[in-house]
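What follows is the residue order along each chain.
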Amino acid sequence: MAHSTADAAVAGHAHDHHDHAHDDHAHAAPSGFMRWLTTTNHKDIGTMYLWFSLTMFFVGGVLALGIRAELFKPGLQLWHPEFFNQLTTMHGLIMVFGAIMPAFVGFANWLVPLQIGAPDMAFARMNNWSFWLLPPAATLLVVSFFVPGGATAAGWTLYAPLTTQMGPGMDLAIFALHILGASSIMGSINIVVTILNMRAPGMTLMKMPMFVWTWLITAYLLIAVMPVLAGAITMTLTDRHFGTAFFNAAGGGDPVMFQHVFWFFGHPEVYIMILPAFGIVSHVIPAFARKPLFGYSSMVYATSSIAILSFIVWAHHMFVVGMPAAGVLFFMYATVLIAVPTGVKVFNWLATMWRGSMTFETPMLFAVGFLFVFTMGGFTGLICAIAPIDLQIQDTYYVVAHFHYVLVAGSLFAMFSGAYFWLPKWTGHMYDETLGKWHFWLSIIFFNVTFFPMHFLGLAGMPRRIPDYNIQFADFNMLATIGAFGFGLSQLVFLYTVLKCIRGGEKATAQVWEGAEGLEWTLSSPPPYHSFEVPPQVK
Amino acid sequence: MKHPCRSLLGSVLALAAGGAMAEPAKYLFQPPVTIIARDIYDLHTAMMWIITGIFVVVFGVMFYSIWKHRKSVGHKAAHFHESTAVEIAWTIVPMIILVGMAFPATSVVLAYKDTSNPDLTIKATGYQWKWGYDYINGEGAGISMLSSMTTPREQIEGDAPKGEFYLREVDNMLTVPVNKKVRILTTANDVIHSFWVPEFGVKQDAIPGFVRDTWFRAEKEGIYRGQCVELCGKDHGFMPIVVNVLSGEKYTAWVAEHQKAAVATADEAAREWTKEELLARGEKVYAAVCAACHQPTGQGLANAFPALVGSKVVQGPASEQVKLVLNGRKGGFMPTSQMPAQAMLSDTDIAAAITYTRNAWSNHADEGLVQPSVVKAAR
């Protein structure tokens, strides 16, 4: 990107070569860096989102390896405890806000117009803006490591009043989250408007592809809760610098209030990070089972139920703050209820596989891997939901294991599945199947080596977010660290496979996969710059 | 210390043999010693059976399908994609299972929330980074102590072999009688902490400015070890909770001894101390309380904790330093400008630590000697 000015200078001349191109709407497109900076094309923006999130995934991953390296054996070897806390905090913030969320927006940018038969997103310039807010926000997060006092070390949940003890790194994180939140809201509005207004003739709501459905619901969740997070962190900011006492009992505030507000955002956020994953898997499994998705309408209703329930379960993250029994019971009942629609989805996927004609290319491997490991995360979620059991495992490694089973094995594996599934469509080349399979098997094995032992650590009593531990926890920590390094290195296989696929490989057909269905497969691979110039008819 | 790889192998073998270990439980909750902890243990076991059952059925179906319904074995795809009856069934059946799970859990919630009619009430206060225990009601009322981790820094930094209770040992244990209902009130001085003893099945956040409660009735004498479980800053990993459960008679004796000690503490604060006495005591207090941030060398840590060597506060008027230690300092923009208040320490400990810092390293403050009475007057 260093040669951007030169490219900008020649961009004007590009016009000459495109005189004949009036018909295909190719305007004087700048090249090089300016092409990416000024683009309003949903595919370019989708690509940038995906590269951005992959970059942040590696940054967050390096932080995770920093955590695991320190925990390899008891005692403090590498870091001071305060730096260790910075690592856990920033790993969480970067993975949630920098890797998972933007990656799904990247998928949405690429796929929503293709799947609904639209030429582009509804608000093309806002689309550009919502992406270009991300790099400055990510820069703020990363730079915060280098300010006096370092990055925020209050945990990704940013609980008050610990946040008031942090240095300027905390303020940088707050600003970064404000910017990321603004970006998410803009992206969501764009997605909602695109889906509701730009569907091809004949595509009624109940004929929409599942990925589009899940993103429509996710976008509403985002619009509802990102402002709540913005409120919580703004109050944190004024508590820190302007003498307010929203979360300070001495001034009439309440530290627990922060947790209520945070988790009112935070629990729907969990579904923001998983619903699009459900959407992806709902495309991959039917394609490779060569059989239509079982129970389409129940999938739509289940997704909506999960979204609605997600607003009334937040305090299950707070079972030990000392709520009245009635509060504990309400949140326990509401939480176990979520298992019903989630179960429906899992059963529907199984029924889709049942009596199909399955093949196991990499996307399908990741989808089945997702189904298996995500369901295990669902089981431990049920255990956590039972309030008395949660009393023992809250804030232990059991919870760490649980949410990595749903976030890594859930969201991340589904995204890998989707990436391999649509990569030939996006690039026009087939990826290297052997490398893809290596990536899957290494990932799923090392994932389990890393996180399965954490269940035992949590049950036996190891708290999370500690830099050092009693020797009774030594064996499993060592095992988890070995697994984590294996898992981290395995992701380089993915990077290499993607780069190789972009640079060349067997030409992909328009259909790509024998059993794939949907409008995106009617376009060439890669699709034309403006996806559908004439809206397709959907019967 | 055992070689980690060997002990890993050992534990796998022990698991395979179904062996009961005398060491702390490794794969499950610690052996419960209260009714609540036992209820939780049983709930967890029951849940695991249900989940294992569902696991076997769901993934049995999945792997059967993966095995039989693949293209490579020539299976042709069916075309069904809807069945209202099936959908209703797999909505209703999980509902029934969930009710079966939530029902027994409800009675346990009501039981652990019932803190009424305790025999003994103790307030547990979370400080960065230690616990304070005040016996409020019942036998031993009036006893008050701080409980800090005693694991030496050499063990943490790897210069000495780690003991069995590494990071889970304290100077003053929370001591309670067996078979008595003990109500724990939790609160905190600075940020949120959380009080947890795994064997008792009690976990309750300690929230600054608010009082919350929980309870336990330990059924077996012994020493039980837990630790703070809410991220509370730098030394969150180093604030253990150790409970010593004694028989009725031993507890009575412990109370008597402790009340005697409390009188002695009051007496010692009243008398004049020599500089040597204060320096000797101050070195210990400094190592236990202050060194975590200001470092054993007094040099602090760049951009985080200020150096005491050459510090204006330490070299200046003693009254200012006493005020700062007692009240702490509220954070400004930079993290280096704040310090937690240390008022929970005794007058003698504060006087000793201040005297020590004013004379240690290269410091030679003019008012080099601070008496406990001065601290008392400044409170």
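Rules used throughout
Residues numbered from 1 in each chain as written. Chains lettered and ligands numbered in written order. Predicted model: local features only at pLDDT ≥ 70, side-chain atom pairs only at ≥ 80, totals over all residues. Heavy atoms only, no water. Pairing = 2+ DSSP bridges. Helix = DSSP H or I, 4+ residues; strand = E, 2+ residues; numbered from the N terminus. Axes fitted to C-alpha atoms, helices over the stretch in contact; angles between N-to-C directions. Buried < 20%, exposed > 50% of the residue type's maximum accessible area, 1.4 Å probe, protein only. Expected span 1.5 Å × (residues − 1). Phe/Tyr/Trp six-rings, centres within 6.5 Å; stacked < 30°, edge-to-face > 60°. Lys NZ or Arg CZ within 6 Å of the ring centre and 35° of its normal. Contact = heavy atoms within 4.5 Å. Buried area = accessible area lost by both parts, 1.4 Å probe. Salt bridge = Lys/Arg side-chain N within 4 Å of Asp/Glu carboxyl O. Nonpolar A, V, L, I, M, F, W, Y, C, P; charged D, E, K, R; others polar. Parallel < 35°, antiparallel > 145°, perpendicular 65-115°, else oblique. Domains from an automatic or database assignment. Polar contact = N/O pair within 3.5 Å; in protein donor to acceptor, adjacent residues only side chain to side chain.

(A) Spotlight on the sheet that holds strand S8 (residues 212-216) of chain B. Residues and elements named next belong to chain B. An order of S3-S2-S1-S5-S8 is seen for the five strands of this open sheet, with the pairing classed as mixed. In this open sheet, the two edge strands, each paired with only one partner strand, are strand S3 (144-147) and S8. Across the sheet, the mean angle separating the axes of adjacent strands is 25° when strand polarity is ignored. Inspection of the sheet shows strand S1 (residues 120-127) paired to strand S2 (residues 130-137) by seven bridges, in the antiparallel sense. Each residue of the ladder has a partner; that of Lys 123, found in S2, is Asp 134.

(B) How the structure looks around unusual backbone geometry. Residues Ser525(A) and Pro526(A) are joined by a peptide bond in cis, for which omega reads -5°. Assignment of secondary structure puts Pro526(A) in the segment after helix H18 (474-503). Here the residue pair Gln128(B) and Trp129(B) is connected by a cis peptide bond, since its omega of 0° sits within 30 degrees of zero. Mapped onto the secondary structure, Trp129(B) falls in the loop between S1 and S2. Here Leu158(A), not a glycine, exhibits a phi torsion of approximately 55°, which is positive. On the secondary structure map, Leu158(A) appears in the loop between helix H6 (134-143) and helix H7 (168-197). In this structure Leu158(A) comes out as buried when scored by relative accessible area, which is 3%. One non-glycine residue, Leu167(B), adopts positive backbone phi at about 70°. For Leu167(B), a relative accessible area of 2% corresponds to the buried category.

(C) Structural detail: the pairing of S1(B). Residue and element names in this part refer to chain B. With seven of its eight residues buried, S1 lies for the most part within the structure. Taken together, the seven bridges between S1 and strand S5 (residues 182-188) define a ladder with parallel strand orientation. In the strand pairing of S5, Lys 123 is matched with Leu 185.

(D) Summary view of the environment of Trp441(A). Residue and element names in this part refer to chain A. Mapped onto the elements of the fold, Trp 441 is located in helix H17 (residues 433-460). Of the residues examined, Trp 441 reaches a relative accessible area of 47% and is grouped as partly exposed. Each C-alpha atom of the pair Trp 441 and Ser 490 lies 9.3 Å from the other, and the pair is 49 residues apart in sequence.

(E) Structural view of helix H9 (residues 347-359) of chain B. All names here are of chain B. Here H9 contains 13 residues, and its C-alpha end-to-end distance of 19 Å stays within 8% of the 18 Å for a straight helix at 1.5 Å per residue. Among the 13 residues of H9, 13 are classified as buried, and the element is accordingly described as predominantly covered. Phi turns positive, to about 50°, at Trp 361, one or two residues after H9.

(F) Just the packing of aromatic side chains, in detail. Summed over the entire model, instances satisfying the criterion amount to 71 aromatic pairs over all chains. Considering the side-chain rings of Trp79(A) and Phe83(A), the 5.2 Å spacing of their centres and the 65° angle between planes classify their relative orientation as edge-to-face. Ring plane angle 55° and centroid distance 6.4 Å describe the contact between Phe97(A) and Trp156(A), whose orientation is recorded as tilted. Taken as a pair, Phe97(A) in helix H4 (residues 81-116) and Trp156(A) in the loop between H6 and H7 lie far apart in primary sequence, 59 residues in all. What makes Phe97(A) buried here is its relative accessible area of 4%. The class of Trp156(A) is buried, set by a relative accessible area of 15%. Directly above the ring of Trp273(B) sits Arg271(B), whose terminal nitrogen or CZ lies 4.2 Å from the centroid.

(G) The interface of chain A and chain B, seen in detail. With 103 residues of chain A in contact, the opposing surface of chain B contributes 99 residues. Both faces combined, the contact of chain A with chain B buries some 8900 Å², and carbon together with sulfur accounts for 69% of it. Our count for the chain A to chain B interface comes out at two salt bridges. Among the ionic pairs, Lys71(B) bridges to Glu514(A), the shortest N-O distance being 2.7 Å. Across the side of chain A that touches chain B, the residue classes break down as 64 nonpolar, 26 polar and 13 charged.

(H) Fine view of the sheet that holds strand S4 (residues 174-177) of chain B. All names here are of chain B. Spatially, three strands are ordered S4-S10-S9 in an open sheet, and the strand pairing comes out mixed. The sheet is open, and its two edges are formed by S4 and strand S9 (222-227), each paired on a single side. Between one strand and the next, the sheet's axes are offset by a mean angle of 25°, whatever the strand orientation. Where S4 meets strand S10 (residues 240-246), four bridges bridge the pair, whose relative direction is parallel. Note on S10: the bridge partner recorded for Pro 177 is Leu 246.

(I) Inspection of the packing of helix H6 (residues 275-294) of chain B against H9(B) at higher detail. Residues and elements named next belong to chain B. It is the contact of H6 with H9, at a shortest axis distance of 7 Å, that shows an interaxial angle of 95°. If you check the angle between H6 and H9, you find them roughly perpendicular. Here Lys 275, Leu 278, Leu 279, Arg 281, Gly 282, Glu 283, Val 285 and Tyr 286 of H6 lie close against H9, whose contacting residues are Thr 348, Asp 349, Ala 351, Ala 352, Ala 353, Thr 355, Tyr 356, Thr 357 and Asn 359.

(J) Layout of the domain arrangement of chain B. Residue and element names in this part refer to chain B. Partitioning chain B into structural domains gives domain 1 (4-112), domain 2 (120-266) and domain 3 (269-378). Contacts between the two partners involve 12 residues from domain 1 and, on the opposite side, 11 residues from domain 2. By the criterion of area lost to domain 2, the three top residues of domain 1 are Gln 30, Val 33 and Thr 34, representing 55% of everything that side buries. Taken together, the links from domain 1 to domain 2 amount to one salt bridge. In this structure, the salt-bridge partner of Glu 219 is Arg 38, at a minimum N-O distance of 2.9 Å. Across the domain 1-domain 2 interface, the total number found is six residue pairs in polar contact (both at pLDDT 80 or more). For the side of domain 1 that touches domain 2, the secondary structure elements donating two or more residues are helix H2 (35-68) and helix H3 (84-113).

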